[in-house]
Amino acid sequence: TSSSCAHNNQRFFSQSSLLHMSASSSDATKQGRVVVVGSANQDLTAYTATVPKTGETVLGESFETSFGGKGANQGVAAASLDIAPVSMVCKVGADAFGTELLESFQKVNLQYDETSVVAPNVSTGVAQIIVDTKTGDNMIIVVPGANHALTSSDVRTAITSMADDDSCSKCPMTVVVQLEIKPEVALEALKVAKEVGATTIFNPAPAPEGWELDADFYKYSDIVIPNETELRSLCRGEESVETDDEEAMARTLFARGVSKAVIVTLGARGAMVVSKCDDVSGGTSTEFVCAPPELPCNSDPVVDTVGAGDSFCGSLSAYLSAGLSLGEAATKACGVASMSVRKRGAQSSYPSAAELPDALKVTAASAEVAMAEK
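Residues numbered from 1 in each chain as written. Predicted model: local features only at pLDDT ≥ 70, side-chain atom pairs only at ≥ 80, totals over all residues. Heavy atoms only, no water.

Notes on the overall build of the protein
A count of helices and strands for the protein gives 11 helices and 15 strands. As displayed, the protein has an accessible area near 15700 Å², and 52% of this comes from carbon and sulfur atoms. (Helix = DSSP H or I, 4+ residues; strand = E, 2+ residues; numbered from the N terminus. Areas by Shrake-Rupley, 256 points an atom, 1.4 Å probe, with all protein chains shown as cover.)

Next comes the structure, spelled out in structure tokens:
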């Protein structure tokens with residue numbers, strides 16, 4: 001049963017997380033588990049109505065510290081929904097930022113290996129963020145720090161240990177990977193995930209700049225989730241495709257090896273889901289989804305888009321683990337992302353299960369229907 005996922009390898013998870021997960025994961029909607037492999041950062045955010053030009057100094061409106069990193073963002077987004085057990089494979093530094101990050105994981109029951117998560121003699125990763133208060137747009141500089149101490153061996157050990165654990169071996173696993181860790185480590189995570197039969201989700205962010213993405217990233221990805229900019233970066237050099245035809249660009253990724261779907265996040269426009277057809281035709285189907293129109297937050301202003309894409313990726317993985325179809329999971333994930341942009345910060349803006357409106361909740365009945373339709 002899905003509740004067996006809660007009683008995992010104790011070496012891998014903090015005790016406080018184990019206690020909470022064993023209590024909460026008896027919910028019948030919990031069909032599988034999510035494993036996020038990626039970065040964990042301390043975000044240092046300055047808010048300003050005037051974004052400085054090169055060589056210019058401006059006065060900001062406020063400053064905040066918060067928890068971030070694309071990996072941790074996605075892990076926290078998924079865990080906060082309390083739909084499925086979620087584990088984080090990452091590295092933090094032996095400093096105050098690292099300690100605070102791990103404490104934040106425990107608050108949302110985001111599990112981690114307490115014996116190997118801290119990297120000695122290196123600082124926790126840091127992201128310096130500038131947010132334009134007039135538009136909500138942002139600019140980010142990331143200093144990797146401990147994120148680059150995560151090794152291929154680390155991720156192989158973590159993923160295989162969860163897959164081999166008798167109490168969870170029958171639970172479907174979804175592994176989510178991004179590019180704020182070393183590319184070779186991200187690729188190893190996808191490879192190992194496929195070896196153990198997991199569904200793989202690859203978020204190619206930050207988009208490759210000055211280097212080509214290894215072709216194996218596509219081969220080992222079931223679902224790829226770029227935004228519009230990242231999609232164009234992946235498809236540059238495709239002479240047969242117009243760069244303003246997002247659907248055609250998405251379809252080119254299937255020829256490179258993506259096995260199930262390409263989901264392009266479109267900001268306020270929602271997301272485009274391009275899926276491979278199940279029949280032998282080799283064709284694709286395209287569905288445009290957006291946040292449910294009845295969300296209470298729809299009337300609130302957008303104040304901060306930092307981490308919205310991560311909110312989508314993390315919540316999508318959780319909804320898929322609950323058994324929802326790709327289209328329904330993407331629709332609800334758009335809703336979670338829409339809620340997140342109404343608040344400042346990344347992880348601090350992600351809704352908890354208690355804050356979800358009915359349109360974004362998963363009931364046992366809806367999960368059973370979705371599983372029956374598969």
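And the narrative resumes.
As for the sheet that holds strand 9 (residues 138-143)
Strand order across the open sheet formed by 4 strands is 3-2-8-9, with mixed pairing between neighbours. The open sheet has two edge strands, strand 3 (62-68) and strand 9, and neither has a second partner. Neighbouring strand axes in the sheet, compared pairwise and without regard to direction, differ in orientation by 20° on average. Strand direction decides the pairing type here: strand 2 (residues 41-48) and strand 8 (residues 125-132), joined by 8 bridges, are parallel. Across the sheet, residue T48 finds its bridge partner in strand 8, namely D132. Taken strand by strand, helix 3 (residues 96-107) contacts strand 2, strand 3 and strand 8, and its axis lies near 95° from that of strand 2. (Pairing = 2+ DSSP bridges. Axes fitted to C-alpha atoms, helices over the stretch in contact; angles between N-to-C directions. Contact = heavy atoms within 4.5 Å.)

Notes on the pattern of salt bridges
Within the structure shown, the criterion is met by 13 salt bridges. One salt bridge in this structure joins E64 and R344, with 3.8 Å as the shortest N-O distance. With E64 in strand 3 and R344 in the loop between helix 10 (326-340) and helix 11 (364-373), this pair connects stretches of sequence that are 280 residues apart. Between E246 and R269 there is a salt bridge, with its nearest N and O atoms 3.5 Å apart. A residue pair is termed long-range when its members are at least 10 positions apart, and E246 in helix 8 (residues 246-255) and R269 in the loop between strand 13 (261-265) and strand 14 (271-276) qualify at 23 residues. On the accessibility criterion, E246 (12% relative accessible area) is buried. The exposure class of R269 is partly exposed, given its relative accessible area of 48%. (Salt bridge = Lys/Arg side-chain N within 4 Å of Asp/Glu carboxyl O. Buried < 20%, exposed > 50% of the residue type's maximum accessible area, 1.4 Å probe, protein only.)

A word on the confidence of the model for the protein
A low pLDDT score tells you not to read the predicted coordinates there in detail. Mean pLDDT over the protein works out to 87, with 86% of the residues at or above the 70 mark. Counted against residues more than four places away or in other chains, residues 1-29, with its pLDDT under 50, gives 73 contacts. (pLDDT = per-residue confidence, 0-100.)

With respect to the environment of V196
Here V196 shows up in the loop between helix 5 (183-195) and strand 11 (199-202). Residues V196 and A163, 33 residues apart in the sequence, show an inter-C-alpha distance of 6.4 Å. For V196, the residues in contact, after removing those within four places along its chain, are I159, T160 and A163.

Some details on the packing of helix 2 (residues 70-80) against helix 9 (residues 308-321)
At a minimum axis distance of 7 Å, the contact between helix 2 and helix 9 shows a crossing angle of 45°. One finds that helix 2 runs oblique with respect to helix 9. Remark: the crossing between helix 2 and helix 9 carries right-handed chirality. Where helix 2 approaches helix 9, its residues K70, N73, Q74, A77 and A78 are matched on the opposing element by D310, S311, C313, G314, S315, S317 and A318. Split by residue class, the contact of helix 2 with helix 9 holds 4 nonpolar, 6 polar and 2 charged. (Parallel < 35°, antiparallel > 145°, perpendicular 65-115°, else oblique. Left-handed = near helix turned anticlockwise from the far one by under 90°. Nonpolar A, V, L, I, M, F, W, Y, C, P; charged D, E, K, R; others polar.)

Let's talk about the sheet that holds strand 11
Overall, mixed pairing links the 9 strands, which are arranged 6-4-1-10-11-12-13-14-15 in an open sheet. Each edge of the open sheet carries a strand with a single partner, namely strand 6 (110-111) and strand 15 (284-289). For strand 13 and strand 14, the ladder comprises 5 bridges, and the chain directions are antiparallel. Following the sheet pairing, I263 is matched in strand 14 by V273.

Here's the deal with the nonpolar core
Counting residues in hydrophobic clusters, the biggest one holds 59 residues, and the most contacted among them are F105, I223, I225, I263, F312, L316 and Y319. If you tally residues by element for this core, the top one is helix 10, at 8 residues. Ignoring sequence-local partners within four residues, the contact set of I225 consists of I201, F202, N203, P204, E230, I263, T265, F312, C313 and L316. (Core = buried A, V, L, I, M, F, W, Y, C linked by side-chain atoms within 4.5 Å.)

Examining the environment of F67
Tracing the backbone shows F67 in strand 3. Exposure remark for F67: the relative accessible area of 24% places this residue in the partly exposed category. A C-alpha to C-alpha distance of 9.3 Å links F67 and V126, two positions 59 residues apart in sequence. Apart from the residues lying within four places of it in its own chain, the contact partners of F67 are N41, Q42, D43, N73, E100, L101, S104, A346 and Q347.

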